[in-house]
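# Examining the three-dimensional arrangement
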Amino acid sequence: GPKVLQIPSHQIIDMGQMVTLNCDPVSNHLYFYWYKQILGQQMEFLVNFYNGKVMEKSKLFKDQFSVERPDGSYFTLKIQPTALEDSAVYFCASSFGQGYAEQFFGPGTRLTVL
Amino acid sequence: GDSVTQTEGPVTVSESESLIINCTYSATSIAYPNLFWYVRYPGEGLQLLLKVITAGQKGSSRGFEATYNKETTSFHLQKASVQESDSAVYYCALGDGNTGNYKYVFGAGTRLKVIA
């Protein structure tokens, strides 16, 4: 079936540096999402994005976070600057529609902030 | 707030035995919750297993089934006879369409190991 890819699978970075997580969504999808899962905890919604704009974000989506989809290709999550509490697995998802349309998830990027 | 609680794993079941993974939800801010089961196989992203939009309905896929019970706020996942290939992590999720911008509330996931 359709696949969402995430690059890289694991990123190690020093606290205070910038990091960009890349997501290659399903080609005809219009809605894009990021979720965050801290080790041993639930996966939690961060943000969703449509037509070049953030539609909704949770309180986990700090001011240091930003998302964009330049050139209509990769959907990116940028964290600048990173903090220790940003260490987690970040999952990207995409869907063709909203409402209860199926979201397709990537395998995740494990971010370790030292 | 809104939350999902599911069976704490890992759960180990012998092949051909039956399975139930419990899921209960609290949807205090959602007028019409939608319920989902997602599954993650090793090295892959979450995949939709089944979904039920309307209370009282049952969803089924690949031998799994779950009934949306509004009275008990439950959406337990069941399978009559598991196979080794069912070994994965299963996530119950609550759909929140309040704002029209859809997002999920996930349970913590239940790791299932099926042994021969």
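Worth saying up front: this structure is predicted, and the values here are computed from it rather than measured.

## Some points on the state of the cysteines
Where two cysteines share a covalent bond between their sulfur atoms, that bond is called a disulfide. Residue and element names in this part refer to chain B. The tally for this structure, following the rule as stated, stands at two disulfides over all chains. Put simply, C23 and C92 are joined by a disulfide, and their sulfur atoms are 1.9 Å apart. An S-S torsion of about -65° defines the bridge between C23 and C92 as left-handed. Taken together, the residues C23 in strand β4 (residues 23–26) and C92 in strand β10 (residues 88–96) connect sequence positions 69 residues apart. Exposure remark for C92: the relative accessible area of 0% places this residue in the buried category.

## Quick word on the environment of F96 of chain A
All names here are of chain A. Residue placement: F96 occurs in the loop between β9 (88–95) and β10 (104–105). Considering only alpha carbons, one finds F96 and F32, 64 residues apart in sequence, at a separation of 9.0 Å. Excluding residues that lie within four positions of it along the chain, F96 makes contacts with N28, H29, L30 and Y31.

## A few points about the sheet that holds strand β9 (residues 77–79) of chain B
All names here are of chain B. If you trace the four strands from one edge of the open sheet to the other, you get β3-β9-β8-β7, paired in antiparallel fashion. Two strands close off the open sheet at either side, each with one partner strand: β3 (19–21) and β7 (58–61). Each adjacent strand pair in this sheet contributes to an overall mean axis angle of 20°, direction not counted.

## Description of the environment of Y33 of chain A
Within the secondary structure, Y33 of chain A sits in strand β4 (residues 31–37). Y33 of chain A gets classed as buried once you look at its relative accessible area, which sits at 2%. Taking the C-alpha atoms as reference points, Y33 of chain A and Q64 of chain A, 31 residues apart in sequence, are found 17 Å from one another. Not counting residues up to four positions away in its chain, the partners in contact with Y33 of chain A are F45, V47, N48, F75, F91, C92, A93, S94, S95, G97 and Q103 of chain A together with Y102 of chain B. A polar contact of 2.8 Å, which involves the side chain of Y33 of chain A, links it to the side chain of S95 of chain A.

## A closer look at the sheet that holds strand β7 (residues 65–68) of chain A
Remark on secondary structure: sheet strands pair via backbone hydrogen bonds, oriented parallel or antiparallel. All names here are of chain A. In space, the four strands of this open sheet follow the order β1-β3-β8-β7, with antiparallel pairing throughout. Each edge of the open sheet is held by one strand with a lone partner, namely β1 (5–7) and β7. Adjacent strand axes in the sheet meet at a mean angle of 20° when their direction is disregarded. In this sheet, strand β8 (residues 75–79) lies alongside strand β3 (residues 19–24) in antiparallel orientation, the contact comprising five bridges. Across the sheet, V19 pairs through a bridge with I79, a residue of β8.

## Some remarks on the side chain of H29 of chain A
Residues and elements named next belong to chain A. Checked against the element boundaries, H29 lands in the loop between β3 and β4. When its relative accessible area of 7% is taken as the criterion, H29 is described as buried. Separated by 2.7 Å, the side chains of H29 and S94 make a polar contact. Setting aside residues up to four positions removed in sequence, H29 forms contacts with R69, S94, S95, F96 and F104.

## Some words on the nonpolar core
Counting 28 residues, the largest nonpolar core has L19, W37, L49, L50, F75, L77 and Y90 of chain B as its most contacted members. Sorting the residues of this core by element identifies β2 (11–14), β3, β4, β5 (34–40), β6 (47–52), β8 (64–67), β10 and β12 (110–115) of chain B as the ones contributing at least two each. Per element, the largest residue contribution to this core is four residues, and it comes from β10 of chain B. Judged by nonpolar contacts, the second largest core, of 23 residues, contains V4, L21, F32 and I79 of chain A.

## Observations regarding the interface of chain B and chain A
With 22 residues of chain B at the interface, the matching set in chain A holds 19 residues. Counting across the chain B and chain A interface gives one salt bridge. Note that K103 of chain B and E56 of chain A form a salt bridge whose closest N and O atoms lie 2.8 Å from each other. There are five residue pairs in polar contact (both at pLDDT 80 or more) connecting chain B and chain A.

The rules behind these values
Residues numbered from 1 in each chain as written. Chains lettered and ligands numbered in written order. Predicted model: local features only at pLDDT ≥ 70, side-chain atom pairs only at ≥ 80, totals over all residues. Heavy atoms only, no water. Disulfide = S-S within 2.5 Å. Helix = DSSP H or I, 4+ residues; strand = E, 2+ residues; numbered from the N terminus. Buried < 20%, exposed > 50% of the residue type's maximum accessible area, 1.4 Å probe, protein only. Contact = heavy atoms within 4.5 Å. Pairing = 2+ DSSP bridges. Axes fitted to C-alpha atoms, helices over the stretch in contact; angles between N-to-C directions. Polar contact = N/O pair within 3.5 Å; in protein donor to acceptor, adjacent residues only side chain to side chain. Core = buried A, V, L, I, M, F, W, Y, C linked by side-chain atoms within 4.5 Å. Salt bridge = Lys/Arg side-chain N within 4 Å of Asp/Glu carboxyl O.

All we've got here are geometric facts, nothing functional implied.
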